[in-house]
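What follows is each chain in one-letter form.
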Amino acid sequence: MRTLFVVVLVAALGWSGYWWAGSRAKEAALSGWLAEQRAAGWVADADLTVRGFPNRFDTMVTDLHLADPRSGWSWTAPAFQILALSYRPNHIIAVWPPRQTVSSPAERITVEAERMRGSVRFAPNTGLALRQALVELKSVSLVSNAGWRAGISEGQVAIRRAPAGAAPDYGYDVSLTAQTLRLPEPLRARLDPAGVLPASVNGATIRLTPVFDAEWDRRSVEAGLPQLTTLNVGNVSFAWGDMELTVMGRLDADTRGRAEGTLNVTARNWREMLQLGVRAGWLTQDIVGSVEAGLGILARLTGETERLDMTVTFGNGLTRIGPVPIGPAPQLRAPRVRNRPRLGRRRKPPAPAPRAGPDRPGGPSPPGGR
């Protein structure tokens, strides 16, 4: 019994020491990050507390205020929580408050939510490679002091590292679902000036598997972002009133980063979609006239003029419907940025080169020189 008591006591003291060291490290890391932002010219104020002994590291951030005076953007929240189990620190849960504020030079937006919660799992090593991420939204509303309101009744964003063999290189399964998406009034008035469409988009679903040339981890974020090589489109669909759109296919990035591949598109009430694109400024009326005539022929071949089934082809820098080019191919891969500085840190400008002179290489020779 005495030996058992000693073992239990040593284990308890060891675990207490581990929790204390871990909590101090988390608090120091966040405090250091805030100090870095202040040194870079930001406003970065918050009160930090780590609690949850003995099995949790619950970081409570209160009176949070982040602002970049140069751009005019800011984020204010009465509280923000970063939760983790002390024996599983590579799994982090973030909880946003029921009310927060995001401001820009143009307006101030108040965000209210019944639930806004995220979960991130990293590989249990120093590289912190992304394994899984999930963000849940419920009854989220955006209210602007410019006089508009938007919101979503329920939504979810999920990212999961694709199983080995399911995708080449480094693939990630991405899914997004949104129910009853209410658009801002100015945007809805622009897209639907007659007011014939419902006030909210019925639903939207996105399932993609982007494939990159490197893994998303701590090193890639600090040194250079992974480059997109392939985009597998499992299903992209949305419904708004009588309009329905579904897209599936695969795109690869060519040597210049432009899309190459095909997308299968099914659209119901497609003529209204074209006019919506014109009102949004994505298409011009001149282009829509010729495109509508060509798509009308394709629709009549299916026997249902309001339903369109077509294949959009990308290649040689162009986007085509059948043999007809309709515009440039989209850019999938941006130029790589190496040695990307961390957020909030700005590189010092290079020191000016010394002026050439009699006592420096390259300067004029002194009088009577060789």
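Up top is the structure.
Described below are features of the structure shown in this document. Computed from a prediction, not measured in an experiment: that's the story for all the values here.

What counts and what doesn't
- Residues numbered from 1 in each chain as written.
- Predicted model: local features only at pLDDT ≥ 70, side-chain atom pairs only at ≥ 80, totals over all residues.
- Heavy atoms only, no water.
- Patch = residues over 30% accessible without salt bridge, like charges linked within 9 Å, V, L, I, M, F, W, Y side chains within 5 Å.
- Areas by Shrake-Rupley, 256 points an atom, 1.4 Å probe, with all protein chains shown as cover.
- Salt bridge = Lys/Arg side-chain N within 4 Å of Asp/Glu carboxyl O.
- Helix = DSSP H or I, 4+ residues; strand = E, 2+ residues; numbered from the N terminus.
- Pairing = 2+ DSSP bridges.
- Buried < 20%, exposed > 50% of the residue type's maximum accessible area, 1.4 Å probe, protein only.

### Digging into a nonpolar patch on the surface
Turning to step 1, where the next piece is worked out: Judged by side-chain polarity, Phe5, Val6, Leu9, Val10 and Leu13 come together as a nonpolar surface patch covering roughly 500 Å² of accessible area.
Turning to step 2, where the next piece is worked out: Position of Leu13 among the secondary structure elements: in helix 1 (residues 2-39).

### Description of the pairing of strand 3 (residues 73-85)
Turning to step 1, where the next piece is worked out: Where strand 2 (residues 56-68) and strand 3 come together, twelve bridges link them in antiparallel fashion. When the bridges of strand 3 are listed, His65 appears paired with Thr76.
Turning to step 2, where the next piece is worked out: Between strand 2 and strand 3, which pair antiparallel and follow one another directly, the connecting turn spans four residues, one of which, Gly72, has a positive phi of 85°.
Turning to step 3, where the next piece is worked out: In terms of strand pairing, strand 3 meets strand 5 (residues 99-103) through three bridges, oriented antiparallel. The residue of strand 5 that forms the bridge with Thr76 is Thr101.
Turning to step 4, where the next piece is worked out: Following strand 3, the chain reverses through two residues before pairing antiparallel with strand 4 (residues 88-95).

### Focus: the pattern of salt bridges
Once the charged atoms of two side chains with opposite charge are near each other, the side chains can pair.
Turning to step 1, where the next piece is worked out: Inspection of the entire model under this criterion finds 17 salt bridges.
Turning to step 2, where the next piece is worked out: Where Glu114 meets Lys138, a salt bridge forms, and the shortest distance between an N and an O atom there is 3.6 Å. With a gap of 24 residues between them, Glu114 in strand 6 (residues 108-122) and Lys138 in strand 7 (residues 130-144) connect regions that are remote in the sequence.
Turning to step 3, where the next piece is worked out: With a shortest N-O distance of 3.8 Å, Arg219 and Asp217 are connected by a salt bridge.
Turning to step 4, where the next piece is worked out: Classification of Arg219 as partly exposed rests on a relative accessible area of 45%.

### Topic: the environment of Ala67
Turning to step 1, where the next piece is worked out: Relative to the helices and strands, Ala67 is located in strand 2.
Turning to step 2, where the next piece is worked out: With 35 residues separating them in the primary sequence, Ala67 and Val102 have C-alpha atoms 9.6 Å apart.

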